[in-house]
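Notes for the structure review
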Amino acid sequence: MSQISNAIATRDNGPEALVRQYREDFTLVLPEHIKGETWMRLAVGSLRRDQNLAAAASRNPGSLMNALLDCARLGHEPGTESYYLVPFGNEVQGIEGYRGVVERIYRAGAIKTVQAEVVCSNDEFIWKPGKIDDHQPPRWEGPQTVPYHEVDWFGDRGEVKGAYAYGIFQDGTPSRVVVINRDYIDKVRKESRGSDHPKSPWVKWFDQMVLKTVARRLEPWVPTSTEWRKEQLRAAKEVAAENGPTAAVQTPRPQAEPAGPEDYDEGPIEGELVD
């Protein structure tokens, strides 16, 4: 009986109680599409399912609060494939998954399709934006707006050598295409703390981490939040009101720069267990 009482006391004074204590703070940060009660149940459920996570949260409750606030700010549900809560030493790390990045892009409403793929050494990948060299005609004729990627899905694809991503806007035009090579992938992984640990997502789900890395590189070129859509609709309605009742309300979209391989480095990707 005393063991049960001790367990209840620990639960009531532990990280679960802390999460409930700051319920209103989380609710204020959450976007409209997520119900606060559902979000809270998922947060508490994550702690109950994973003893290592609960132990790390007990040792460092501040890290749990930071991870949950980040999860709420991004509009994700904790402990899902969109946003992972991972015990790492004496702290809790919040990691946005590949699905979470794509969800934020779709949620903004400007993009109807996100295309992101890993490229392997045995794949055929052609990406020649702009003017093509007349002396060496490529198999893919004419300038490309998106890459050509042919894969033998049931054969040996070889080692991962890179990845690419782009979005298709609602009017059918493509966004900027971002391309990363293996050197960049290895650099991001090296700068991710604990990336060689057996439980690291870089070890367990390497392809997913590569897709997440390239999806994060796409973020500057496409809208990624519901707040963007609300603000653009509000501004468009104000313009329509000034121009008269017959003015059409259209949601503007960012202008895509000429497509081409990336040659800049924005630094470590947030949420990759970086020191």
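Residues numbered from 1 in each chain as written. Predicted model: local features only at pLDDT ≥ 70, side-chain atom pairs only at ≥ 80, totals over all residues. Heavy atoms only, no water.

Of the voids in this model, the largest pocket is the one considered here, and its volume is about 800 Å³. Around the largest pocket, the lining comprises 30 residues; the ones closest to its centre are Tyr 84, Leu 85, Val 86, Lys 204 and Trp 205. Elements supplying a minimum of two residues to the lining of the largest pocket: helix 4 (36-49), helix 5 (51-59), strand 1 (83-88), strand 2 (91-96), helix 7 (98-108), helix 9 (201-204) and helix 10 (206-218). The element best represented in the lining of the largest pocket is strand 1, accounting for five residues. Here the lining of the largest pocket is composed, by residue class, of twelve nonpolar, nine polar and nine charged. (1 Å grid on protein atoms, 1.4 Å probe; cavity = no way out; pocket = protein on both sides within 12 Å on 5 of 7 lines; lining within 4 Å. Points joined across faces, edges and corners; volume = space filled by probe spheres on them. Helix = DSSP H or I, 4+ residues; strand = E, 2+ residues; numbered from the N terminus. Nonpolar A, V, L, I, M, F, W, Y, C, P; charged D, E, K, R; others polar.)

Looking now at the sheet that holds strand 6 (residues 160-169). Backbone-to-backbone hydrogen bonds pair the strands of a sheet. The strands run either parallel or antiparallel. The antiparallel open sheet is built from three strands, whose spatial order is 3-6-7. This sheet does not close on itself; its edge strands, each paired only once, are strand 3 (111-120) and strand 7 (178-181). Looking at each pair of strands side by side, their axes are set apart by 10° on average, direction ignored. Pairing of strand 3 with strand 6, which is carried by nine bridges, proceeds in the antiparallel orientation. What sits directly across from Ala 116, in strand 6, is Ala 165. Packed onto the sheet, helix 8 (residues 182-190) meets strand 6 and strand 7 and runs at close to 75° relative to strand 7. Along the sheet face, helix 10 touches strand 3, strand 6 and strand 7 and points at about 45° away from the line of strand 6. (Pairing = 2+ DSSP bridges. Axes fitted to C-alpha atoms, helices over the stretch in contact; angles between N-to-C directions. Contact = heavy atoms within 4.5 Å.)

With that settled, consider a nonpolar patch on the surface. Together, Leu 28, Val 29 and Leu 69 line one region of the surface with nonpolar side chains, adding up to about 280 Å² of accessible area. Within the secondary structure layout, Leu 69 lies in helix 6 (residues 61-74). (Patch = residues over 30% accessible without salt bridge, like charges linked within 9 Å, V, L, I, M, F, W, Y side chains within 5 Å. Areas by Shrake-Rupley, 256 points an atom, 1.4 Å probe, with all protein chains shown as cover. Salt bridge = Lys/Arg side-chain N within 4 Å of Asp/Glu carboxyl O.)

It is worth spelling out the packing of helix 7 against helix 10 at this point. One way to put it is that helix 7 packs onto helix 10 with a least axis distance of 8 Å and a crossing angle of 30°. Considered as vectors, helix 7 and helix 10 are oriented roughly parallel to each other. Two packed elements cross with a definite hand, and for helix 7 against helix 10 that hand is left-handed. Two secondary-structure elements touch here, helix 7 through Tyr 98, Val 101, Arg 104 and Ile 105 and helix 10 through Gln 208, Leu 211, Lys 212, Ala 215, Arg 216 and Leu 218. When grouped by side-chain class, the residues that make up the contact of helix 7 with helix 10 number six nonpolar, one polar and three charged. (Parallel < 35°, antiparallel > 145°, perpendicular 65-115°, else oblique. Left-handed = near helix turned anticlockwise from the far one by under 90°.)

You can see Lys 199 is positioned in the loop between helix 8 and helix 9. For Lys 199, a relative accessible area of 58% corresponds to the exposed category. Taking the C-alpha atoms as reference points, Lys 199 and Pro 87, 112 residues apart in sequence, are found 10.0 Å from one another. Among residues more than four places away in sequence, those in contact with Lys 199 are Asn 52 and Lys 204. (Buried < 20%, exposed > 50% of the residue type's maximum accessible area, 1.4 Å probe, protein only.)

Purely geometric numbers; function is a separate question.
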